[in-house]
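Residue strings, one per chain:
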Amino acid sequence: MWGVSRLAHLFWPRWYRTLQWFDPVIGLMWRRLGLGNTVQVVIVGRRSGRPRALYLGLLRVGQGSYLGHPDQACAWTRNLDVAAGGVLRFRDGRTESFRATPLAPGPERDAVIRATFHQHPFPGTVLYWLTRRHIRAVGRFYRLERGIS
């Protein structure tokens, strides 16, 4: 990796580590006010076997739903690769099971990446746009099949 990708690869893990510190505040804001396209995603840990909850942006392109990460594999993407699904928790209390399929490079994945530029809450929209070359090169995105028992 070089140029923008190297800088982005250094940035994204630190950004998400910082957000983890604020997880209790983010959860409170999400429950009370909502945060754009944010949902709570629960995925079983690949080593612990315990449910792991985190807040992610649920992307929508056409009739499809997607989750993604702007950098290389991280804990939640590795868990999702093993579990192949999880549960979406919505702000209104609804829950919905899903299966996830990793997206290969191509038009569908490109459309999902473009959706991050305007669907994520600020500053995510700007950060994704600024690191778009890096995201196109190494980002991990998943198509969701929702409503699975």
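Residues numbered from 1 in each chain as written. Predicted model: local features only at pLDDT ≥ 70, side-chain atom pairs only at ≥ 80, totals over all residues. Heavy atoms only, no water.

*Asks:* Pulling in residues and values, what's your account of a nonpolar patch on the surface?
*Replies:* Together, Trp21, Phe22, Val25 and Met29 make up an exposed nonpolar region whose accessible area comes to about 460 Å². Mapped onto the elements of the fold, Trp21 is located in helix H1 (residues 3–21). Overall, Trp21 belongs to the exposed group, its relative accessible area being 67%. (Patch = residues over 30% accessible without salt bridge, like charges linked within 9 Å, V, L, I, M, F, W, Y side chains within 5 Å. Areas by Shrake-Rupley, 256 points an atom, 1.4 Å probe, with all protein chains shown as cover. Salt bridge = Lys/Arg side-chain N within 4 Å of Asp/Glu carboxyl O. Helix = DSSP H or I, 4+ residues; strand = E, 2+ residues; numbered from the N terminus. Buried < 20%, exposed > 50% of the residue type's maximum accessible area, 1.4 Å probe, protein only.)

*Asks:* Explain helix H4 (residues 107–119) to me, using residue names and the numbers behind them.
*Replies:* With 13 residues, H4 extends 18 Å between its outermost C-alpha atoms, agreeing within 8% with the 18 Å of an ideal straight helix rising 1.5 Å per residue. Here H4 has its buried residues at Arg109, Ala111, Val112, Ile113, Ala115, Thr116 and Phe117. Looking at the buried side of H4, the elements it contacts are strand E3 (59–61), strand E4 (64–69), helix H5 (124–130), helix H6 (132–138) and strand E7 (140–146). (Expected span 1.5 Å × (residues − 1). Contact = heavy atoms within 4.5 Å.)

*Asks:* Please provide a residue-by-residue account of the confidence of the model for the protein chain, values included.
*Replies:* When pLDDT is averaged along the protein chain, the result is 90; 97% of the residues meet or exceed 70. Mean pLDDT per element in the protein chain: H1 is the minimum at 74, and strand E6 (residues 95–102) is the maximum at 98. (pLDDT = per-residue confidence, 0-100.)

*Asks:* Kindly report on the side chain of His134, identifying the contributing residues and their values.
*Replies:* Counting through the fold element by element, His134 comes out in helix H6. Assessed through its relative accessible area of 0%, His134 is described here as buried.

*Asks:* An account of the packing of aromatic side chains is requested, with residue identities and associated values reported.
*Replies:* Overall, the coordinates contain two aromatic pairs when judged by the stated rule. With centroids separated by 6.1 Å and ring planes inclined at 50°, the aromatic side chains of Trp76 and Tyr142 adopt a geometry described as tilted. With Trp76 in helix H3 (residues 75–83) and Tyr142 in strand E7, this pair connects stretches of sequence that are 66 residues apart. Here Trp76 matches Tyr142 in class, with each residue buried. The aromatic ring of Phe90 is capped on one face by Arg94, whose charged end is 4.2 Å from the ring centroid. (Phe/Tyr/Trp six-rings, centres within 6.5 Å; stacked < 30°, edge-to-face > 60°. Lys NZ or Arg CZ within 6 Å of the ring centre and 35° of its normal.)

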